[in-house]
Amino acid sequence: MTGPGPIPSPISRRRVLSGMGGGLAAFSAFTVLPPLARARGNIRDYRLKAAPATVPLVGTQGPATDVWAYNGGVPGPVIRAKRGERLRIHVENALPQPTTVHWHGIRLPVAMDGVPFLTQPPIKPGESFVYEFDVEDAGTFWYHPHFNSSEQVARGLSGPLIVDEDTPPDVDREILWVVDDWRLTEDAAIASFDRPFHDMVHGGRFGNTVTVNGRISEDLAVTPGERVRLRIVNVANARIFRLTFPGHRPWLAAIDGHAVPPRQFGEEDWLVIAPGARADLILDMTGEPGERFAVVDNSPEGIRYRLADLTYGAAPSAPAPARPAPVTWAANPLPEPDLGTATRLSLDMEGGAMGGLQTAMFMGEKLSGRDLARNHGMFWSFNGIVYPPMKYGHHGDPMFSFKRGESVVMTIRNKTAFAHPIHLHGHTFRVISRDGKPEPDRPWQDTVLLPIDGEAEIAFVADNPGDWMFHCHILEHQKSGMMGYVKVV
Ligand SMILES: [Cu+2]
């Protein structure tokens, strides 16, 4: 996850000029609701209302931004429970188009997974849906629409979901950063969605404004000597954040919510966190009273975004005692794949600019890449198959079928000129190797970033019955073919 990185250029901010746009679509209705198992633990009730709202993304001095938001805020409210409890979330749709909510990283019954048409009917404008599921794993998770997500997430619909460990790590306080990337006009309005092909065929809808918790950079007051748990969630459509913490040496202690043996950053290391992914850092505030340090995103284009300034206040009257390095906290109850007997298969990713598809299967027909691009707006494939866009409301056959309890090792190969974070629903996998080399600590993840020409092996137990999406979490890639589903029976 980390690697050395130079500091390329002064902090700047690019702007794009364009108008607002959007689209509505009509969908057939479903009425069947799934039965629910009885709650095993305490139930926590939440209400989410998805609706247009206005928020000060660029600060109260600049123009306000019209967004789509949960409960009027960007990001949406923190949904929080203890491990083993049950969440019951009443979602009301006050948007001008249908929606659903997906609970990213949570292992739950498939009927609660929030994938339109595959696991539930879309929630139409004016309608509601109640999601209810037990949370088996502690960690940092998040929620977002899975319906027209490249537009709905870009307009502001996302929020954090935190499940507390039975014994949380020993820190002085916890800080949550939902990091996002917005494409705004000069007036801080959300830029148009009406010409998406360029984003689809390249690296997705990159923005020009980076926010933490729905605001451009702000000061974060810290106390010398304190130890903080910093939870970071990347809810951007496309931006892979590469964060540096000058003057500090945080430990990476959890990936996608799941504990890893804490690994301390060197001075030059950065935290790479792809769309959909999360990281928990343990960060000791080792600065002096009155000091100020910028936490910075180092984008590949050489633009640096300041996410926040750590501003040091006065020293506490009793200085903090020296602390030992943080230790690994308790693992989640994840099923261990049996690598000896696992079914082995591969997933090859193709398409996009600077490469592109020669031919691929689309809705049962073999089509040329040119035909797919020009006539269907589709650019990417998994194993030679271009996943049909959601507007068809049909999902075709699963890419793979597994027997419940089967161990699986999947080799994912990125044969494209872009990086892709691949997300699997309903399961958590170990990343066991990268580019043929064993991955240290074999971390549990739900989203794995495949660099250009990269290869990774993931391993998991297909223990959750149902139809589960896997897709690129660059939402414009997902929309233009980079998606599929597995069936567990
Ligand atoms: Cu992608």
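None of the values given here were measured: they were computed from a predicted structure. (Residues numbered from 1 in each chain as written. Predicted model: local features only at pLDDT ≥ 70, side-chain atom pairs only at ≥ 80, totals over all residues.)

## Observations concerning the overall build of the chain
Point 1. Secondary structure summary: the chain contains four helices and 35 strands in total.
Point 2. Here the C-alpha radius of gyration of the chain, 22 Å, is about what a compact globule of 489 residues would show, namely 23 Å.
Point 3. If you line up the chain on its principal axes, its C-alpha atoms span 70 × 55 × 45 Å.
Point 4. Per-residue burial for the chain yields a buried fraction of 47% across its 489 residues.
Point 5. In the chain, the proportion of contacts linking residues at least 24 apart, taken out of those at least 6 apart, comes to 78%. (Helix = DSSP H or I, 4+ residues; strand = E, 2+ residues; numbered from the N terminus. Rg over C-alpha atoms; globule rule 2.2 N^0.38 Å. Buried ≥ 20, exposed ≤ 12 C-beta atoms within 10 Å, placed from the backbone. Contact = placed C-beta atoms within 7 Å.)

## Describing the pairing of strand β2 (residues 43–55)
Point 1. Relative to strand β5 (residues 86–93), β2 is paired through eight bridges, and the arrangement is parallel. Within the sheet, the bridge partner assigned to R44 lies in β5 and is L87.
Point 2. With six bridges connecting them, β2 and strand β3 (residues 65–70) associate as antiparallel partners. Residue pairing across strands places A53 opposite V67, the latter belonging to β3. (Pairing = 2+ DSSP bridges.)

## A few points about the domain arrangement of the chain
Point 1. The assigned domain composition of the chain is domain 1 (2–9 + 170–312), domain 2 (43–164) and domain 3 (343–488).
Point 2. Inter-centroid distance (C-alpha atoms) of domain 1 to domain 2 is 22 Å.
Point 3. Residue-level contacts link 27 residues of domain 1 with 28 residues of domain 2.
Point 4. Secondary-structure elements contributing two or more residues to the side of domain 1 that touches domain 2 are β10 (173–182), β11 (209–212), β13 (227–234) and β18 (278–284).
Point 5. Its residues assigned to classes, the side of domain 1 that touches domain 2 shows 12 nonpolar, eight polar and seven charged. (Domains from an automatic or database assignment. Nonpolar A, V, L, I, M, F, W, Y, C, P; charged D, E, K, R; others polar.)

## Some points on the environment of R344
Point 1. Residue position: R344 is located in strand β21 (residues 343–351).
Point 2. In this structure, the C-alpha to C-alpha distance between R344 and P96, residues 248 residues apart in sequence, is 44 Å.

## Brief notes about the confidence of the model for the chain
Point 1. Counting all residues, the mean pLDDT for the chain is 90, and 91% of those residues have values of 70 or more.
Point 2. Throughout residues 1–36 the model reports pLDDT below 50, and contacts reaching past four residues in sequence, or to other chains, amount to 65 contacts. (pLDDT = per-residue confidence, 0-100.)

## Let's talk about the environment of S381
Point 1. By the secondary structure assignment, S381 is in strand β24 (residues 380–382).
Point 2. When the 28 C-beta atoms within 10 Å are taken as the criterion, S381 is described as buried.
Point 3. Sequence-wise, S381 and M482 are 101 residues apart; in three dimensions their C-alpha atoms are separated by 5.4 Å.
Point 4. For S381, the contacting residues outside a window of four places in its chain are E350, G351, L357, A360, V386 and G481.

## With respect to the sheet that holds strand β32 (residues 447–450)
Point 1. Read across the sheet, five strands follow the order β26-β35-β34-β28-β32 without closing on themselves; strand pairing throughout is mixed. The open sheet has two edge strands with one neighbour each: β26 (400–402) and β32. Neighbour-to-neighbour, the strand axes of this sheet turn through a mean angle of 20 degrees, independent of strand direction.
Point 2. As paired elements, strand β34 (residues 466–472) and strand β35 (residues 483–488) share six bridges and run antiparallel to each other. Bridge pairing in β35 links H471 to M483. (Axes fitted to C-alpha atoms, helices over the stretch in contact; angles between N-to-C directions.)

## Some thoughts on the nonpolar core
Point 1. In terms of nonpolar packing, the biggest core is built from 128 residues, with V179, I273 and I458 touching the most fellow members.
Point 2. The greatest single-element share of this core, amounting to six residues, is contributed by strand β33 (residues 455–462).
Point 3. Setting aside residues no more than four positions away along its own chain, I458 makes contact with M410, I412, F429, R430, V431, I432 and V448. (Core = buried A, V, L, I, M, F, W, Y, C linked by C-beta atoms within 7 Å.)

## Topic: the sheet that holds β10
Point 1. Strand order in the open sheet formed by six strands is β11-β10-β13-β18-β15-β16, and the pairing between neighbours is mixed. Among the strands making up the open sheet, the edge pair consists of β11 and β16 (258–264). Going across the sheet, the axis of each strand differs from the next one's by a mean of 25 degrees, ignoring polarity.
Point 2. Sheet topology note: the β10/β13 ladder contains seven bridges and is parallel. By the bridge assignment, R173 is partnered in β13 with V228.

## Section: the pairing of strand β8 (residues 139–144)
Point 1. When you tally the buried positions in β8, you get six out of six residues, the bulk of the element.
Point 2. For β8 and strand β9 (residues 159–164), the ladder comprises five bridges, and the chain directions are antiparallel. Considered in β9, the bridge of Y143 is made with G159.

## Describing unusual backbone geometry
Point 1. Omega for the bond connecting V74 with P75 falls within 30 degrees of zero, at -5 degrees, which places this linkage in the cis form.
Point 2. For D256, which is not glycine, the phi dihedral falls at a positive 50 degrees.
Point 3. Tracing the backbone through its elements, the reader meets D256 in the loop between β15 (251–255) and β16.
Point 4. Classification of D256 as buried rests on a count of 27 C-beta atoms within 10 Å.
Point 5. Phi at D441 is positive, roughly 65 degrees, even though this residue is not glycine.
Point 6. Summarising the element assignment, D441 is placed in the loop between β30 (437–438) and β31 (444–445).

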